[in-house]
Amino acid sequence: MELIESHPILEFSHGSKVSFTFDGRAMEGFEGEPIAAALHANGVKIYRYSPEAGRPRGFFCAIGKCSSCFMVVDGIPNVRTCVTPLKAGMAVETQHGRGSIPMIGEEAGRDA
Amino acid sequence: MREVELLVIGGGPAGLSAAAEAAGMGASVLLVDSGPRLGGQLIKQTHKFFGSRDEFAGTRGFKIADVLLDELKGLSDRVEAMIDTTVVGYYREDGTVSLSRSEDEYFLVKPKRIVVAAGAQERLIPFPGNDLPGVYGAGAVQTLMNVYGVVPGKKVLMIGAGNIGIIVAYQLIQAGIEVAGVVEAMPRVGGYWVHAAKIRRLGVPIHLMHSIKRACGDKVVEGADVMELDERFNPTGREFHVECDTICLAVGLTPTVELLWQAGCKMKYVPQLCGYVPVRDCNLRTTNHSVWVAGDSSGIEEASSAMVEGRLAGYGAALSLGYGERPDRYLSFIKRLENLRAGEVCDKIRSGIACVLCEGGEQ
Amino acid sequence: MDDRNDALLYNSGVLTGPRDGVCKAEEGQWKAKRGGYVVIECPQRIPCNPCHTSCPTGAVLPFADINDVPKVDFSKCTGCCRCVARCPGLACFVVDLAWKEGWAMMKLPYEQLPRPQKGMAVDCLDRIGRKVYRSVIEQVLEPFKDRTFVVSVPVPADLKDDVRAVKVVAHDAE
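One structure accompanies this document, and this report is about it. Predicted model, so just to flag it, every value in this text is computed and none were measured.

### Regarding the interface of chain B and chain C
Here's step 1: Taken together, the contact pairs 36 residues of chain B with 41 residues of chain C.
Here's step 2: Overall, the association of chain B and chain C removes approximately 3,300 Å² of surface from exposure, summing both partners, and the carbon and sulfur fraction of that is 53%.
Here's step 3: Summed over the three residues of chain B that lose the most area to chain C, namely Trp-193, Arg-200 and Arg-201 of chain B, the buried surface amounts to 26% of that side.
Here's step 4: Here chain B and chain C share four salt bridges between them.
Here's step 5: Here Glu-111 of chain C ties to Arg-60 of chain B by a salt bridge, and the two come within 3.1 Å at their closest N and O atoms.
Here's step 6: The element contributing the most residues to the side of chain B that touches chain C is helix 5 (residues 193-200) of chain B, with six residues.
Here's step 7: Counted by class, the side of chain B that touches chain C contains 19 nonpolar, eight polar and nine charged residues.

What follows is the structure, encoded as structure tokens:
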């Protein structure tokens, strides 16, 4: 993970390291920190592709107000990865287009 | 549905100050913040703050957050704080507020009074490639770097030489990240001269009268084309290319005011305050008499004034609920705001506020 | 054209000449003053006064209006460096011209990595970051124990108006 090792002013304390997957690839991140921070530390910058023109999109505002960082997390699309805390075992996927919201009764599966 | 005396929306410097002041007067407060931690933008600020002793001048921003949080801890019997909780709607018919917690839980609250201290959001300027991964808001880069200790990029081009742009450029250098330069369309930096001097002496060029022409790269940022502008902001034709993997936009903030619209507050577009803001009296009460506003939601300014505005709004809301007057404190808040805003750097703010000040509230 | 370039340079945070808010001692007294005098470069009126509130002797004068630029009564300045460590804009420095004939001991604020230590080699930078001298850290203070250090580096006296920052020289092989 690409972390800032030392800093002249700040001391960083992270929660526990947990495993998660991004598009099926195993990665590590810190529990409780935004999913986007973990992705960034693992060198992942492209989070989704826009619905009309298929343009790559990623992190932008970091406070949950812009929608650039939407991804599919555990089968649910449009998750604001910049403010959603990482949990052990999360399955994070690149979102293509608008994503599909699983209905009640349907299983939240992949490739819906 | 839960009834609440005072709902404070936003846990940044304004919201924390409002909650502390109101609870200090005896009101019971529910403080909500949509992020994972209280403190708002303060928790990312490694630089020392300006202002006077009352605004913690000379103290680093993230320590100021600690001071405010400590004050709230001392009032914990009257203040409940919820994080990961976003206020999503205000229903004018009966003043009900709907909230979403961690995107799992949806619930309603009926507050007697509200302080909206929801802060601001970053603006975007249009240029080809501005949606490429690697183009980030300056505040976002600051969050990655200073809160989560993640390297945001290897070489950063900063667009905008307001206080945010030059402070974040300095913080990038502190974190060991190369800053290729700062690009600013105006013929002067918008931020404090001393902030600019700090980065100039560390070798960071500030290209005045320049703007970004395009972000280059196929799927992520790989560089930028920067163009020179004349006095009328038209391109002169002179350009240069900058290799970088991150383009940081520090081109201004705009107040977060959706809830105020929903609450039926009278709103006005005020360029000096950077967008639509609510009309308010001198105590920061809006035209919806159960709603106060404080901090960047009332107009883009500084953390120092956000803290005093928070105190004023929390005071006003608690007073209206019947909690005791504290005239000395009230007058000190008014005086501090006047002092902070007296200088030439605040001419714009004062003229903006004059456009949205309404009557009522004089004490 | 020169005026315009000068203006743009100043507007980008580079001091181009004397102005209000730039406080320097008189040369004759400066050369005799052990411990040095403060230099303040804060030419813009902003709401800020920790230089005054941190000064133990009152050398940095009280602000009638918090937006005023700083003023210094050099007869009271002891070169203690508290304002150097307290100023949010890193606009205060102490310069000692009595340390050694022909030399200026520059005491500058420092908030970078690596953590500074006596004996470290540093590049001395001018106002636009050019390396103008290579020196060695003589002393490190941390007056408020808040990670703003004051590093003392000797430079030839004629560079006292140029050197405004230091960068620790990276060790190539360790």
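Continuing now.
### Regarding the sheet that holds strand 6 (residues 76-80) of chain A
Residues and elements named next belong to chain A.
Here's step 1: The five strands lie next to each other as 2-1-7-5-6, forming an open sheet whose pairing is mixed. Across the chains shown, the open sheet's two edge strands, defined by having one partner strand only, are strand 2 (25-30) and strand 6. Neighbour-to-neighbour, the strand axes of this sheet turn through a mean angle of 40°, independent of strand direction.
Here's step 2: As paired strands, strand 1 (residues 17-22) and strand 2 are joined by six bridges and run antiparallel to one another.

### Points about the side chain of Thr-286 of chain B
Residue and element names in this part refer to chain B.
Here's step 1: Note that Thr-286 resides in the loop between strand 18 (275-278) and strand 19 (291-293).
Here's step 2: Its relative accessible area of 2% is what places Thr-286 among the buried residues.
Here's step 3: In this structure the side chain of Thr-286 is engaged in a polar contact, spanning 3.1 Å, whose partner is the backbone oxygen of Asn-288.
Here's step 4: A polar contact is formed between the side chain of Thr-286 and the backbone oxygen of Val-291, at a distance of 2.8 Å.
Here's step 5: Not counting the four nearest positions on each side in its chain, Thr-286 is found in contact with Leu-260, Cys-265, Pro-278, Val-279, Arg-280, Val-291, Trp-292 and Val-293.

### A short note on the state of the cysteines
Here's step 1: Per the counting criterion, the structure on display carries zero disulfides over all chains.
Here's step 2: Here Cys-69 of chain A stays free of any disulfide, with the sulfur of Cys-82 of chain A as its closest cysteine sulfur at 3.7 Å.
Here's step 3: Free cysteine: Cys-274 of chain B, not disulfide-bonded; nearest cysteine sulfur from Cys-346 of chain B at 12 Å.

### A few points about the layout of surface pockets
To find leftover empty space, a probe the size of one water molecule is rolled over the atoms.
Here's step 1: Of the volumes computed, that of the second largest pocket is approximately 690 Å³.
Here's step 2: Taken together, 32 residues form the lining of the second largest pocket, with Ile-173 and Gly-176 of chain B together with Gln-112, Leu-113 and Lys-167 of chain C sitting closest to its centre.
Here's step 3: For the lining of the second largest pocket, the elements supplying multiple residues, two or more each, are helix 4 (163-174) and strand 10 (178-184) of chain B together with strand 9 (165-168) of chain C.
Here's step 4: The element that contributes the greatest number of residues to the lining of the second largest pocket is strand 9 of chain C, accounting for three residues.
Here's step 5: Along the lines of polarity and charge, the residues of the lining of the second largest pocket split into 19 nonpolar, eight polar and five charged.

### Concerning the pairing of strand 10 of chain B
All names here are of chain B.
Here's step 1: Extensive coverage of strand 10 is indicated by the burial of six of its seven residues.
Here's step 2: At this point the chain moves from strand 9 (residues 155-159), through helix 4, to the parallel strand 10, and the crossover so formed is right-handed.
Here's step 3: Judged from the three bridges that link them, strand 10 and strand 11 (residues 206-208) form a sheet pairing that is parallel. Bridging from a neighbouring strand, Val-183 pairs with His-207 of strand 11.
Here's step 4: Crossover handedness for the path strand 10 to helix 5 to strand 11: right-handed.

### A few points about the packing of aromatic side chains
Here's step 1: The full count for this structure, using the stated rule, is eight aromatic pairs over all chains.
Here's step 2: For the pair Trp-103 of chain C and Tyr-133 of chain C, a centre-to-centre distance of 6.3 Å together with 70° between the ring planes defines the contact as edge-to-face. Here Tyr-133 of chain C lies in strand 6 (residues 131-136) and Trp-103 of chain C lies in strand 4 (residues 103-110), a separation of 30 residues in the sequence.
Here's step 3: Accessibility expressed as a relative area gives 28% for Trp-103 of chain C, which makes it partly exposed.
Here's step 4: Ring-pair connections join several aromatic residues into one group, and the members of that group are Trp-261, Tyr-269 and Tyr-276 of chain B.
Here's step 5: Here the basic side chain of Arg-19 of chain C rests over the ring of Tyr-10 of chain C, its NZ or CZ set 3.4 Å away from the ring centre.
Here's step 6: Above the plane of the ring of Phe-144 of chain C lies Arg-86 of chain C, whose end atom (NZ or CZ) is 4.3 Å from the centre.

### Quick word on the side chain of Arg-280 of chain B
Residue and element names in this part refer to chain B.
Here's step 1: Relative to the helices and strands, Arg-280 resides in the loop between strand 18 and strand 19.
Here's step 2: Glu-309 is the oppositely charged side chain nearest to the buried, salt-bridge-free Arg-280, at an N-O distance of 4.8 Å.
Here's step 3: Here the side chain of Arg-280 touches Ser-298 through a polar contact of 2.7 Å, landing on its backbone oxygen.

### A short note on the interface of chain B and chain A
Here's step 1: In this complex, chain B contributes 40 residues to the contact, which on the side of chain A involves 30 residues.
Here's step 2: Interface area lost by chain B to chain A is led by Asp-131, Tyr-136 and Tyr-148 of chain B, which between them contribute 18%.
Here's step 3: Across the contact surface, chain B and chain A share three salt bridges.
Here's step 4: The shortest N-O distance in the salt bridge between Arg-55 of chain A and Asp-131 of chain B comes to 2.6 Å.
Here's step 5: Our count for the contact surface shared by chain B and chain A stands at 11 residue pairs in polar contact (both at pLDDT 80 or more).

### A short note on the sheet that holds strand 11 of chain B
Residues and elements named next belong to chain B.
Here's step 1: Strand order in the open sheet made by the five strands is 8-15-9-10-11, with parallel pairing throughout. Single-partner strands in this sheet number two, and they are strand 8 (135-137) and strand 11. Between one strand and the next, the sheet's axes are offset by a mean angle of 25°, whatever the strand orientation.
Here's step 2: Inspection of the sheet shows strand 9 paired to strand 15 (residues 246-249) by four bridges, in the parallel sense. From the neighbouring strand, Leu-157 faces strand 15, where its bridge partner is Ile-247.

Thresholds applied
- Residue numbers run consecutively from 1 along every chain, following the written order of its sequence.
- Each chain takes a letter, starting from A, and each ligand takes a number, starting from 1, following the order in which they are written.
- Totals for whole chains, interfaces and linings use all residues, but because this is a predicted model, local features are given only for residues with pLDDT of at least 70 and pairs of side-chain atoms are given and counted only at 80 or more.
- Remark: hydrogens and water are excluded; side-chain values derive from all non-hydrogen atoms of the structure.
- Any two residues whose heavy atoms approach within 4.5 Å at even a single point are treated as in contact.
- Take the accessible area each of two parts loses on contact, using a 1.4 Å probe, and add the two losses: that sum is the buried area.
- Salt bridges are defined by distance alone: a side-chain nitrogen of Lys or Arg within 4 Å of a carboxyl oxygen of Asp or Glu.
- Numbered from the N terminus, helices here are DSSP runs of H or I no shorter than four residues, and strands are runs of E no shorter than two.
- Three classes are used, and their members are as follows: Ala, Val, Leu, Ile, Met, Phe, Trp, Tyr, Cys and Pro are nonpolar, Asp, Glu, Lys and Arg are charged, and the others, Gly among them, are polar.
- Being paired, for any two strands, means DSSP has found at least two bridges between them.
- Here an angle of 0 to 180 degrees is reported between the N-to-C directions of two axes, which are lines fitted to C-alpha atoms, with helices fitted over the stretch in contact.
- Only protein chains enter the accessibility calculation, which uses a 1.4 Å probe; a residue whose area is less than 20% of its type maximum is buried, one above 50% is exposed, and one in between is partly exposed.
- Polar contacts, as counted here, are pairs of nitrogen or oxygen atoms within 3.5 Å of one another; within protein the pair requires one atom able to donate a hydrogen and one able to accept it, and residues that are adjacent in sequence qualify only if both atoms are side-chain atoms.
- Any two cysteine sulfur atoms within 2.5 Å of one another count as a disulfide.
- As defined here, a cavity is a set of points on a 1 Å grid over the protein atoms alone where a 1.4 Å probe fits but cannot get out. A pocket is an open set with protein on both sides within 12 Å along at least five of seven lines, and residues line them when an atom is within 4 Å of a point.
- Grid points are joined across faces, edges and corners, and a volume is the space filled by probe spheres set on the points.
- Seen with its strands pointing away from the viewer, a crossover is right-handed when the path leading from the first strand over the helix to the second is clockwise.
- Classification of ring pairs rests on two measures: the distance between centres of Phe, Tyr or Trp rings, Trp counted by its six-membered ring, which must be within 6.5 Å, and the angle between planes, read as stacked under 30 degrees, edge-to-face over 60 and tilted in between.
- Geometrically, a lysine NZ or arginine CZ counts as sitting over a ring once it is within 6 Å of the ring centre and also within 35 degrees of the ring normal.
- Charge counting follows a simple rule: Lys and Arg are positive, Asp and Glu are negative, and His as well as the terminal groups are ignored.

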